[in-house]
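If you want the building blocks of each chain, they are given just below.
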Amino acid sequence: MSSRQRLFLPLLLLFALLCPLLSGCSPRGSADPLSVLRNAAYFSVSDENLLYTMEWTEDGAVYRFSSPELLEPLTVRATDGTLRATYRDLETDLPRSFCEGVLPLYRAVKLFRETEPERGFSDAAGKKPFLRATRDGETFTLSYDPASGEPTRLEWTGPDGKTGGFDLLSCAPAS
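All of these numbers come straight from a predicted model, not from anything done at the bench.

Cut-offs applied
Residues numbered from 1 in each chain as written. Predicted model: local features only at pLDDT ≥ 70, side-chain atom pairs only at ≥ 80, totals over all residues. Heavy atoms only, no water. Phe/Tyr/Trp six-rings, centres within 6.5 Å; stacked < 30°, edge-to-face > 60°. Helix = DSSP H or I, 4+ residues; strand = E, 2+ residues; numbered from the N terminus. Buried < 20%, exposed > 50% of the residue type's maximum accessible area, 1.4 Å probe, protein only. Polar contact = N/O pair within 3.5 Å; in protein donor to acceptor, adjacent residues only side chain to side chain. Contact = heavy atoms within 4.5 Å. Core = buried A, V, L, I, M, F, W, Y, C linked by side-chain atoms within 4.5 Å. pLDDT = per-residue confidence, 0-100.

Colleague: Would you mind going over the packing of aromatic side chains with me for this structure?
Modeller: The description of an aromatic ring pair uses the distance of the two centres, along with the angle that the planes make with each other. Summed over all chains, the structure comprises five aromatic pairs. Taking 5.6 Å as the distance between ring centres and 45° as the angle between the ring planes, the aromatic pair formed by Tyr52 and Phe65 counts as tilted. Of this pair, Tyr52 sits in strand β2 (residues 51-57) while Phe65 sits in strand β3 (residues 60-67), placing them 13 residues apart in sequence. Here Tyr52 and Phe65 have matching classes, each one buried. Taken together, a centroid distance of 5.5 Å and an interplanar angle of 35° make the contact between Trp56 and Tyr106 tilted. Residue Trp56 is located in strand β2, and its partner Tyr106 is located in helix α3 (residues 103-114); the two are separated by 50 residues in the primary sequence. Counting every residue linked through ring pairs, the aromatic cluster contains Tyr52, Tyr63, Phe65, Trp156 and Phe166.

Okay, here's the thing in structure tokens:
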């Protein structure tokens, strides 16, 4: 091996290791939270009282509950105009007020998929990034992990001033 080849190989390895650092990307990479949200089909959510999933579908969303135990047999299908609940063998249409604690996830995902939200930081150090979008007097703020881009929390304020929020445990694409 010539001296030129012996020098070239270590330089090539050093360049390969430093390139991701110089470009601002980690070797693992980080996803854009908006991309994660727009490509997700399944959302796992927790608030103080409920644990549920929302499956994004072509015409709306399907909610399935896993806690509390009483709600495990409940499935709610949401579209722009209707809510349809199935509990064991019973089916019925629901008023929007029945699901006012879980429907903001559907409205937020729909809004973030249709618009370009504001991006910002909720602290001066830039360690708590968020996306924010508003429609019809309702504001949604999505917090996310800056390293992975994974959404972590959704909070909202309604046109009537009511507020709410929950933790996003996971967002997964369709399998």
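Colleague: In this structure, what is going on with the side chain of Glu138? I would like to understand it.
Modeller: Within the element layout of this structure, Glu138 appears in strand β9 (residues 138-144). A relative accessible area of 11% places Glu138 in the buried class. A distance of 2.7 Å separates polar atoms of two side chains, one belonging to Glu138 and the other to Arg107. Apart from the residues lying within four places of it in its own chain, the contact partners of Glu138 are Arg107, Ala133, Trp156, Thr157, Gly158 and Pro159.

Colleague: Help me understand unusual backbone geometry, please; the structure alone is not making it clear to me.
Modeller: The phi torsion of most residues other than glycine is negative, and most of the peptide bonds are trans. Cis geometry marks the peptide bond from Ser67 to Pro68, where omega comes out at 5°. If you trace the backbone, Pro68 turns up in the loop between β3 and β4 (74-78). Notably, Asp136 is not glycine yet its phi reads approximately 50°, a positive angle.

Colleague: It is not clear to me how the nonpolar core should be interpreted in this structure. Could you clarify?
Modeller: Across soluble globular proteins, nonpolar side chains show a tendency to be buried alongside one another. Among the nonpolar cores identified, the biggest contains 38 residues, and Phe43, Tyr63, Leu105 and Phe112 are the most heavily contacted of them. No other element matches α3, which puts seven residues into this core. Setting aside residues no more than four positions away along its own chain, Phe112 makes contact with Leu34, Leu37, Arg38, Pro117, Leu131, Arg132, Ala133, Phe140, Leu142 and Leu154.

Colleague: Whenever I open this one, the confidence of the model for the chain confuses me. Can you help?
Modeller: A low pLDDT score tells you not to read the predicted coordinates there in detail. Residue-level pLDDT values for the chain average 83, and 82% of them are 70 or greater. Within the model, the stretch residues 3-29 combines pLDDT values under 50 with six contacts to residues more than four positions away or in other chains.

Colleague: Explain the environment of Glu116 to me, please; I cannot follow it from the model alone.
Modeller: Mapping Glu116 onto the fold places it in the loop between α3 and β7 (118-121). Between the alpha carbons of Glu116 and Ala133 there is a distance of 7.8 Å; along the sequence they are 17 residues apart. Aside from chain neighbours lying at most four places away, what touches Glu116 is Leu34 and Arg38.

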